[in-house]
Amino acid sequence: MFFVTLYIFTIGLIFGSFFNVVGLRVPNGQSIVTPRSACPACHHTLRAKELVPVLSYMWQRGKCANCRTKISSLYPCMELLTGLLFVVSFLLFGFQGETAIAILLVSLFMIITVSDLAYMLIPNRVLVFFFCLFVVGRFIVPPTLWYDSLLGMAVGFGLLYVIAVVSRGGMGGGDIKLYAVLGYVLGWKVVLLSFFLSTLAGAIGGSVGLLIGRVKRGETMPFGPYIMVGTLIAYFFYTPIINWYMNLVNL
Ligand SMILES: [Zn+2]
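Not measured: the values here are computed from a predicted model.

### A few points about the packing of helix 3 (residues 74-93) against helix 4 (residues 97-119)
Consideration 1: Between helix 3 and helix 4, the shortest axis-to-axis distance is 9 Å and the interhelical angle comes to 160 degrees. Accordingly, the angle class assigned to the pair helix 3 and helix 4 is roughly antiparallel. As helix 3 runs across helix 4, the sense of the crossing is right-handed. Across the interface between the two elements, Leu74, Met78, Leu81, Thr82, Leu85, Phe86, Ser89, Phe90 and Phe93 of helix 3 pack against Glu98, Thr99, Ala102, Ile103, Val106, Ser107, Met110, Thr113, Val114 and Leu117 of helix 4.
Consideration 2: For the contact of helix 3 with helix 4, a count of residues per class yields 13 nonpolar, five polar and one charged.

Given below as structure tokens:
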């Protein structure tokens, strides 16, 4: 079990490194395969030992090996997070089909978080690609109620659409489409909890941002990372959260 977990963590680190590339290149219409990764400052092509997830960043002390320009700590953080979330997926679902769905969901979030932080957009091509995978995935690992995916999609899309209209553009088109896809994978109950927790995370994140002066009042902020936090908590811990809540209201 320890070695399987370690293996999944390592795979997660490697995929995380790939998701950084995808998230940064797809919105620009660049190929995700060529050219090889290079330093954005000096354009020196990264050698094999500069491409090791997390470790390269550590032994280069966060700087380019060639020109010593600082490398964003976002890269190793996303790699570590991917590794950890792949492990959480495996530990929660074990050797079941749902683990594959969970890993796909984590992958989608890693890519769109990078895009959203870098460009404030969620690329359509990434959403369409993952939606196709989820349609196949939910065919192989169906929800308990056969119509739950379609209902979830309608709820996810409808909810965000109404909020976009009411808030007059407070919610981007990418967020609406993302919630339609999430609704399809999660079903209507989990997508509702995801929405609740994401807005809660956004409100907390926004307030903290204002307090520490990172965000200015009225400034738009990327909502993607909050959707990731809210959705993964809702998806991984739906049952304990609902049980806890039920106990709370019964008291
Ligand atoms: Zn460089």
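### Considerations on the side chain of Thr231
Consideration 1: The topology assignment puts Thr231 in helix 8 (residues 224-236).
Consideration 2: Assessed through its relative accessible area of 0%, Thr231 is described here as buried.
Consideration 3: A polar contact is formed between the side chain of Thr231 and the backbone oxygen of Ile227, at a distance of 2.6 Å.

### Structural notes on the coordination of the zinc ion
Consideration 1: Coordination sphere of the zinc ion, protein contribution only: Cys39 (SG), Cys42 (SG), Cys64 (SG) and Cys67 (SG), at 2.3 Å.
Consideration 2: Coordination at the zinc ion is tetrahedral: its four donor atoms span angles of 104 to 116 degrees at the metal.
Consideration 3: All donor residues of the zinc ion come from one chain, and their arrangement in sequence is C-x2-C-x21-C-x2-C. Separated by 22 residues along the polypeptide, Cys42 in the loop between helix 1 (2-25) and helix 2 (55-59) and Cys64 in the loop between helix 2 and helix 3 bring together distant segments of the chain.
Consideration 4: Since its relative accessible area comes to 27%, Cys42 is described here as partly exposed.

### Overview of the packing of aromatic side chains
Consideration 1: Considering all chains together, one arrives at 16 aromatic pairs under this definition.
Consideration 2: Between the aromatic rings of Phe93 and Phe236, the centroid separation amounts to 6.4 Å while the plane-to-plane angle is 45 degrees, which identifies the pairing as tilted. Taken together, the positions of Phe93 in helix 3 and Phe236 in helix 8 put the pair 143 residues apart, joining distant regions of the chain. Across this residue pair, the class does not change: Phe93 and Phe236 are buried.
Consideration 3: Pairing Phe129 with Phe130 gives two aromatic rings, centres 5.5 Å apart and planes at 85 degrees, and the pair type is edge-to-face.

### Here's the deal with the packing of helix 5 (residues 124-140) against helix 7 (residues 173-211)
Consideration 1: At a minimum axis separation of 9 Å, helix 5 and helix 7 run at an interaxial angle of 10 degrees. With respect to helix 7, the element helix 5 is oriented roughly parallel. Residues Asn124, Leu127, Phe131, Phe134, Val135 and Arg138 of helix 5 form the contact with helix 7, whose participating residues are Gly174, Lys177, Leu178, Val181, Tyr184 and Val185.

### Observations concerning the environment of Val4
Consideration 1: Checked against the element boundaries, Val4 lands in helix 1.
Consideration 2: For Val4, a relative accessible area of 30% translates into the label partly exposed.
Consideration 3: C-alpha of Val4 to C-alpha of Phe90: the two residues are 86 residues apart in sequence and 9.3 Å apart in space.
Consideration 4: Excluding residues that lie within four positions of it along the chain, Val4 makes contacts with Phe90 and Phe95.

### Some words on the pattern of salt bridges
When their charged atoms lie close together, side chains carrying opposite charge are able to pair.
Consideration 1: As enumerated under the stated definition, the model contains two salt bridges in all.
Consideration 2: With its nearest N and O atoms 2.6 Å apart, the salt bridge here joins Glu50 to Arg47.
Consideration 3: On the basis of relative accessibility, which here comes to 44%, the residue Arg47 falls in the partly exposed class.
Consideration 4: A salt bridge links Glu98 to Arg138, with the shortest nitrogen-to-oxygen separation between them at 3.0 Å. Linking Glu98 in helix 4 with Arg138 in helix 5, this pair joins segments that are 40 residues apart in sequence.
Consideration 5: Residue Glu98 is classed as buried on the basis of its relative accessible area, which comes to 14%.

### Thoughts on the side chain of Ser107
Consideration 1: Relative to the helices and strands, Ser107 is located in helix 4.
Consideration 2: Setting aside residues no more than four positions away along its own chain, Ser107 makes contact with Phe19, Phe86 and Phe130.

### Remarks on a nonpolar patch on the surface
Consideration 1: Together, Leu145, Trp146, Tyr147, Leu151, Trp188 and Leu192 give the surface a local cluster of nonpolar side chains, amounting to about 610 Å² of exposed area.
Consideration 2: On the secondary structure map, Trp146 appears in the loop between helix 5 and helix 6 (148-166).
Consideration 3: With a relative accessible area of 72%, Trp146 lands in the exposed category.

Conventions adopted
Residues numbered from 1 in each chain as written. Predicted model: local features only at pLDDT ≥ 70, side-chain atom pairs only at ≥ 80, totals over all residues. Heavy atoms only, no water. Axes fitted to C-alpha atoms, helices over the stretch in contact; angles between N-to-C directions. Helix = DSSP H or I, 4+ residues; strand = E, 2+ residues; numbered from the N terminus. Parallel < 35°, antiparallel > 145°, perpendicular 65-115°, else oblique. Left-handed = near helix turned anticlockwise from the far one by under 90°. Contact = heavy atoms within 4.5 Å. Nonpolar A, V, L, I, M, F, W, Y, C, P; charged D, E, K, R; others polar. Buried < 20%, exposed > 50% of the residue type's maximum accessible area, 1.4 Å probe, protein only. Polar contact = N/O pair within 3.5 Å; in protein donor to acceptor, adjacent residues only side chain to side chain. Donors = N, O, S within 2.8 Å, 3.2 Å for Na, K, Ca; no water. Tetrahedral: all angles 85-135°; square planar, octahedral: opposite > 155°, others 65-115°. Phe/Tyr/Trp six-rings, centres within 6.5 Å; stacked < 30°, edge-to-face > 60°. Salt bridge = Lys/Arg side-chain N within 4 Å of Asp/Glu carboxyl O. Patch = residues over 30% accessible without salt bridge, like charges linked within 9 Å, V, L, I, M, F, W, Y side chains within 5 Å. Areas by Shrake-Rupley, 256 points an atom, 1.4 Å probe, with all protein chains shown as cover.

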